[in-house]
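Tertiary structure, described
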Amino acid sequence: RLFDLDPDLLPLFQYNCKQFASPQECLSAPEFLDHIRKVMLVIDAAVSHLENLSCLEEYLCNLGKKHQAVGVKVESFSTVGESLLYMLEKCLGTAFSPDMQEAWSKLYSAVVKAMQRGWETLPEGD
């Protein structure tokens, strides 16, 4: 869904300097699948620390800095969020209620907001 929504994100996923010729090639790459697992670990950590997301603040801020360093734009996270909600809706079907969608949207927005602080902070020594 991610590359359907924004095909311009494909070049951001390069591993060992290899550019993927198609979304399908990227989606089947072990490195991309590993990246997806890492994304889901961040989501899992956010869910696990729902009552105290501030404990993840520094980690998420640094994660934002890493994404900025490889050329990811903050705006791209809205596409990722839309893809996440789409996946949840497809997997959960009618169980994915409007309240559940709102809760997931709020959680994802909080994660992105914390990561966005990585764009806003200057590197050490500046």
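Residues numbered from 1 in each chain as written. Predicted model: local features only at pLDDT ≥ 70, side-chain atom pairs only at ≥ 80, totals over all residues. Heavy atoms only, no water.

What follows deals with the environment of Leu 60. With respect to the helices, strands and loops of the structure, Leu 60 is situated in helix 4 (residues 57–69). When its relative accessible area of 4% is taken as the criterion, Leu 60 is described as buried. Residues Leu 60 and Asp 4 lie 56 residues apart in sequence; the distance between their C-alpha atoms is 26 Å. Residues in contact with Leu 60, not counting those within four places in the same chain, are Val 42, Val 111, Ala 114 and Met 115. (Helix = DSSP H or I, 4+ residues; strand = E, 2+ residues; numbered from the N terminus. Buried < 20%, exposed > 50% of the residue type's maximum accessible area, 1.4 Å probe, protein only. Contact = heavy atoms within 4.5 Å.)

A word on the packing of aromatic side chains. Following the criterion strictly, the structure yields five aromatic pairs and no others. Measuring from centroid to centroid gives 5.1 Å for Phe 13 and Phe 32, while their planes differ by 80 degrees, and the two rings are edge-to-face. Residue Phe 13 is found in the loop between helix 1 (2–5) and helix 2 (23–27), and its partner Phe 32 is found in helix 3 (residues 30–48); the two are separated by 19 residues along the sequence. What makes Phe 13 buried here is its relative accessible area of 14%. Aromatic side chains Phe 77 and Trp 119 sit 5.9 Å apart centroid to centroid with 85 degrees between the ring planes, which places their arrangement in the edge-to-face category. Placement of Phe 77 in helix 5 (residues 76–92) and of Trp 119 in helix 6 (residues 98–120) is noted, with a sequence separation of 42 residues between them. Through successive ring pairs, a cluster of aromatic residues spans Phe 3, Phe 13 and Phe 32. Sitting above the plane of the Tyr 86 ring, Arg 1 keeps its charged end 4.4 Å from the centroid. (Phe/Tyr/Trp six-rings, centres within 6.5 Å; stacked < 30°, edge-to-face > 60°. Lys NZ or Arg CZ within 6 Å of the ring centre and 35° of its normal.)

Attention shifts here to helix 5. Along its 17 residues, helix 5 runs 25 Å from first to last C-alpha, staying within 8% of the 24 Å computed at 1.5 Å per residue. Within helix 5 the residues assigned to the buried category are Ser 76, Phe 77, Thr 79, Gly 81, Ser 83, Leu 84, Leu 85 and Leu 88. Where helix 5 is buried, its residues touch helix 1, helix 3, helix 4 and helix 6. Count one or two residues on from helix 5 and you reach Gly 93, which has phi positive near 60 degrees. (Expected span 1.5 Å × (residues − 1).)

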